[in-house]
Amino acid sequence: MTRSDRSVGALIGIIPIALIIGVWQAIAASGLAPPSLLPAPAAVFARLVQQLGSPAYLDHVATTLFRLFAGFAIAVVIGVTIGLAATGSRAVEGVVRPLVRVLAPVPKIALYPAFILTLGFENASKIALVVADAAFPILLATHQGTSAVEMIISTDGLGHLLVRASRSFQTIDMFVPLITISLLGLLLNVGFNALRARLLIGFPEER
Amino acid sequence: MERLASIPGLPPILACAALLATWEVAARLLAIDGLPPASAALAQVPAILGDPEALLNIAASLRRMAVGFALGVAFAVPIGLMMGRSQYVAAFFNPLLMIIYPVPKAALMPIIMLWLGVGDASKTLVIFLGVTLPVIYHSYQGARAVEERMLWSAAAMGMGPLARLTHIVLPAALPEILVGCRTGLVLALITMVTSEMITRQTGVGNILFNSLDMAQYDTVYAMIVIIGGLGFALDAAFEALRSRLVRWAEPSHDLVVGTT
């Protein structure tokens, strides 16, 4: 793409997002859906700004990020170690491959009750879930020699807010964590891509 | 060792046996309430599978998953193929998909429940949302990699754009699409369990988390084994189907994982 193509592309990309916010605003303004079911976008974004300034909300975000990074770090260590060991030795690969074949398609959320029962309701069980979720893609990526490790997002801290908000039917508060999750994910992705680009200087096949 | 590993189906069985043995030993050594031995949990499996109500729940879960998966694939493949063949379509959808991508689809459950209630519609919609993104992504990648020369030849012989999409791009992208479907299938199972965990009405997720609340630990672990077995069986069945459909193409990945 040339430069002008690129700016045209960026403009085209804004259309569906603007369209969704527009339709959302129109429905909210027309009174078709009561604000308790669908608050206006402006109300949600105002609340987001307000929440981002509130220490209690930031506390929840920090909890989520702590669990995410702790789990991800543990998963990287486990996944890379096993992945490299499997690449280096046929015997290890013979053991690891069938184990991964059996465990990878298991929905990790189903293991969550087992983590709660063995590790308690606090951080440990939630970090364990992130580890279980992230370890397999990292292991496979290491083993396949690709570095396309994807960021995995855990939502427990914010997820808790979401469930609590839905119980008390504060609809605005249900939209705000979602937007925060999306923003966090985008930021993490951008940060990770920047890191990856730095680490992979000299690998022309990696764009 | 080499000869043993080459018998098809044997390594996964050995892996299962090793996992169960480790679990059994760990449970007996730790001796805590929250971790019953594997034998106690497995003893519950026949009881659950023999209970008509549990079977109805499992069938309801699988039905929602199948509907959500089928709708998701039917919706995602055309979009992915068009994105792969037109840079304008790709530019249209890419930013939107980037925003949606990090949102765990199960996190939408409370809002969707508010709009659609706690019935099948909400759960199927969440499964649909979970399936679409990986299938769109892989269809996009598959369609991008189609050889231009084949398309030019077809156009020169008078094939219209729609026919080119269904007769050339679709089959050429099929191996990559099926990789996306395999990831989507695992994700469908995850969103299925998560949606039932949140609504607590019917389904395997409901049995799992209700037995956790009622401290029936053997049942909790038996359900984990059943759901894990379901995941493995669905993945193995899909892989068998995939390798039949695209036997002509080289396998690009032989293992996939999905995440919430």
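Residues numbered from 1 in each chain as written. Chains lettered and ligands numbered in written order. Predicted model: local features only at pLDDT ≥ 70, side-chain atom pairs only at ≥ 80, totals over all residues. Heavy atoms only, no water.

A short note on the overall build of chain B
As a reminder, the rule being used: Helix numbering and strand numbering both begin at the N terminus, where a helix is a DSSP run of H or I of at least 4 residues and a strand a DSSP run of E of at least 2. In this description, accessible areas are obtained by the Shrake-Rupley approach with a 1.4 Å probe, and a residue is regarded as covered only by the protein chains that are shown.
Each helix and strand in chain B was counted, giving 11 helices and 0 strands. Along its sequence from the N terminus, chain B presents helices and strands in the succession α-α-α-α-α-α-α-α-α-α-α. Seen through its C-alpha atoms, chain B measures out along the principal axes to roughly 70 × 55 × 30 Å. Accessible area for chain B stands at about 12,300 Å²; split by element, carbon and sulfur atoms hold 70% of it.

Details of the side chain of B:S211
Residue and element names in this part refer to chain B. Operational definition: Residue exposure (1.4 Å probe, protein chains only): buried if accessible area is under 20% of the type maximum, exposed if over 50%, otherwise partly exposed. Under the rule applied, a polar contact is a pair of N or O atoms within 3.5 Å (in protein, one hydrogen donor and one hydrogen acceptor; residues adjacent in sequence only if both atoms are side-chain atoms).
With respect to the helices, strands and loops of the structure, S211 is situated in helix 10 (residues 204–213). For S211, a relative accessible area of 2% corresponds to the buried category. Among the polar contacts made by the side chain of S211, one reaches the main-chain carbonyl oxygen of I207 at a distance of 2.8 Å.

Structural notes on the packing of helix 8 (residues 148–156) of chain B against helix 9 (residues 161–199) of chain B
Residues and elements named next belong to chain B. Applied cut-off: Axis geometry follows a simple rule: fit a line to the C-alpha atoms, using only the stretch in contact for helices, then measure angles between N-to-C directions, giving values from 0 to 180 degrees. By definition, turning the near helix anticlockwise from the far helix through less than a right angle yields a left-handed crossing, and turning it clockwise yields a right-handed one. Contacts: residue pairs with any heavy atoms within 4.5 Å of one another. Charged means Asp, Glu, Lys or Arg here, nonpolar means Ala, Val, Leu, Ile, Met, Phe, Trp, Tyr, Cys or Pro, and polar covers whatever is left, Gly included.
Two numbers describe how helix 8 lies on helix 9: the axes approach to 11 Å, and their chain directions differ by 145 degrees. Like other packed secondary-structure pairs, helix 8 and helix 9 cross with a definite hand, here right-handed. On helix 9, the residues touching M150, L151, A154 and A155 of helix 8 are R164, I168 and V169. Of the residues contributing to the contact of helix 8 with helix 9, the split by class is 6 nonpolar, no polar and 1 charged.

Things to note about a nonpolar patch on the surface
Formally: The patches described consist of residues with a relative accessible area above 30% and no salt bridge, like charges being joined within 9 Å and nonpolar side chains (Val, Leu, Ile, Met, Phe, Trp, Tyr) within 5 Å. We define a salt bridge as a contact between a side-chain nitrogen of Lys or Arg and a carboxyl oxygen of Asp or Glu at a distance within 4 Å.
Judged by side-chain polarity, A:I74, A:I78 and A:I82 come together as a nonpolar surface patch covering roughly 210 Å² of accessible area. Following the sequence through the fold, A:I82 ends up in helix 3 (residues 55–88).

Considerations on the pattern of salt bridges
Counted according to the given criterion, the structure contains 11 salt bridges over all chains. Through salt bridges with shared partners, one network takes in A:R101, B:R182, B:D235, B:E239 and B:R242.

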